[in-house]
Amino acid sequence: MLAKMENKSKIAALFDFDGVIVDTESNYDVFWNGIASKYNLGIENFPAKIKGNIMSNILGTYFSQYPKSVHDEIRKACSDFEMNMEYRAIPGALEFIRLLKKHEIQVGLVTSSDNKKVAKATEVLALQDTFDCIVTADRITRGKPDPMCFLLGASDLGKSPKECLVFEDSFAGIQAGLDAGMQVIALSTTNPKTLLQEKVKFVIPDFKGIDYLQFLLWSNSIQ
């Protein structure tokens, strides 16, 4: 069965970053709750509302009443935070990515983070030169849930949307992947499994125990 599936066309894997490869969401919750309090947004559970969004969208949507100087202050605060943040891998994530590379599967990183953070994080996690393509906030004009980022990742890899398997944790990211016409595997690292199951067919807690056969089974389901 394994040999038979391996003979089929290869499916590419597109990974979100926060909540999928690294366990940083709780850190961001603290940061953004602090920002929301400082600028008196009065929005309940603000971090959950912006998960998966690029900075320009966050500032334009929730801080439009403030001048550019405040926007610059928030950008700098977030950048400083990210440069000093601890990057802990989601269980099994690094091993799974390296397993896919071993089997010559194209692997892309598609994130709402900027180039500076991605460079820092991939260095810390020893993931430099691992990804066949990287799509960051610096390359897109429309953030998740818009599918632009995932479509760009597919284009970088020379794949059609139907040849891409997306790994996501946020509702915005999941919607972006689905609207791009891709199969999405959801991780319940940020949102409850029960809610994720309303959106996608497959939900996993992390990558522990996920082997190459499982990847082929997921791939086979979209071919």
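Described in the following lines is the structure provided in the data block. Please read these numbers as outputs of a predicted model, since none were measured by experiment. The numbers attached to residues start from 1 for each chain and follow its sequence in the written order. Reporting of local features is limited, given that this is a predicted model, to residues whose pLDDT is at least 70; pairs of side-chain atoms are given and counted only at 80 or more, and all residues count toward the totals for whole chains, interfaces and linings. The basis for every side-chain value is the complete set of heavy atoms in the structure, and neither hydrogens nor water enter the calculation.

**Digging into the packing of helix H2 (residues 25-38) against helix H5 (residues 68-84)**
Where H2 contacts H5, the two axes come as close as 12 Å, and the packing angle between them is 155°. With respect to their mutual orientation, H2 and H5 come out roughly antiparallel. For the element pair H2 and H5, the recorded crossing hand is right-handed. Touching Asn27, Tyr28, Phe31, Trp32, Ile35 and Lys38 of H2 are Glu73, Ile74, Ala77, Cys78, Phe81 and Glu82, all from H5. Charged means Asp, Glu, Lys or Arg here, nonpolar means Ala, Val, Leu, Ile, Met, Phe, Trp, Tyr, Cys or Pro, and polar covers whatever is left, Gly included. Residues belonging to the contact of H2 with H5 are distributed by class as follows: eight nonpolar, one polar and three charged. The convention used is that axes are lines fitted to C-alpha atoms, helices contributing only their stretch in contact, and that angles between N-to-C directions extend from 0 to 180 degrees. Secondary structure elements are defined from DSSP: runs of H or I of at least 4 residues count as helices, runs of E of at least 2 residues count as strands, and each element is numbered from the N terminus. Here is the rule for angles: anything less than 35 degrees is roughly parallel, anything more than 145 is roughly antiparallel, 65 through 115 is roughly perpendicular, and the remaining ranges are oblique. By definition, any crossing whose near helix is turned counterclockwise from its far helix by less than a right angle is left-handed, and any crossing with a clockwise turn is right-handed. Contacts are residue-level and defined by heavy atoms, with any inter-residue pair within 4.5 Å sufficient.

**Describing the packing of helix H6 (residues 93-102) against helix H11 (residues 212-220)**
Between H6 and H11, the least distance of the axes is 10 Å, while the angle of their chain directions is 75°. Here H6 lies roughly perpendicular to H11, going by the angle between them. On the side of H6, the interface is formed by Phe96, Leu99 and Leu100, while H11 contributes Tyr212, Phe215 and Trp218. Of the residues belonging to the contact of H6 with H11, the class tally is six nonpolar, no polar and no charged.

**Regarding the nonpolar core**
To define a nonpolar core, start from buried Ala, Val, Leu, Ile, Met, Phe, Trp, Tyr and Cys residues and group those joined through side-chain atoms within 4.5 Å. A simple rule labels every residue: compare its accessible area, found with a 1.4 Å probe on the protein chains alone, to the largest value its type can have, and call it buried under 20%, exposed over 50%, or partly exposed in between. Counting residues in hydrophobic clusters, the biggest one holds 50 residues, and the most contacted among them are Phe15, Ile21, Trp32, Phe63, Phe167 and Phe207. Non-local contacts of Trp32, meaning those with residues more than four positions away in its chain, are made with Phe46, Pro47, Ile50, Met55, Ile58, Phe63, Ile74 and Cys78. Judged by nonpolar contacts, the second largest core, of 23 residues, contains Ala12, Cys133, Val184 and Val200.

**Things to note about helix H9 (residues 171-179)**
Ala172, Gly173, Ile174, Ala176 and Gly177 are the residues of H9 that are buried. Elements that come into contact with the buried residues of H9 comprise helix H8 (148-157), strand S4 (164-168), strand S5 (183-187) and helix H10 (193-196). Positioned one or two residues after H9, Gly181 has a phi angle of 85°, which is positive.

**Details of the sheet that holds S5**
By the convention used here, strands pair only if DSSP detects at least 2 bridges between them. Read from one edge to the other, the open sheet built from six strands follows the order S3-S2-S1-S4-S5-S6, with strand pairing classed as parallel. Both outer strands of the open sheet, strand S3 (133-135) and strand S6 (202-204), are each paired with one neighbouring strand and no more. Pairwise comparison of adjacent strand axes, ignoring direction, gives a mean angle of 20° for this sheet. The sheet contact formed by strand S1 (residues 12-15) and strand S2 (residues 107-110) spans three bridges and is parallel. In the strand pairing of S2, Phe15 is matched with Leu109. Here H6 sits on the sheet and contacts S1, S2 and S4; the angle it forms with S1, its principal contact strand, is near 155°. Against the sheet, H9 makes contact with S4 and S5, and its axis sits at roughly 165° relative to S5, the strand it touches most.

**Looking at the pattern of salt bridges**
Here, a salt bridge means any Lys or Arg side-chain nitrogen found within 4 Å of an Asp or Glu carboxyl oxygen. In this structure the tally under the stated criterion is 13 salt bridges. Among the ionic pairs, Glu73 bridges to Lys38, the shortest N-O distance being 2.9 Å. Linking Glu73 in helix H5 with Lys38 in helix H2, this pair joins segments that are 35 residues apart in sequence.

**Section: unusual backbone geometry**
With an omega of 15°, the peptide bond running from Lys144 to Pro145 counts as cis. On the secondary structure map, Pro145 appears in the loop between S3 and H8. The phi torsion at Ala126 lies on the positive side, around 55°, for a residue other than glycine. Relative to the assigned elements, Ala126 resides in the loop between helix H7 (115-124) and S3. With a phi angle near 65°, Asp129 is a residue other than glycine that sits in the positive phi range. Counting through the fold element by element, Asp129 comes out in the loop between H7 and S3.

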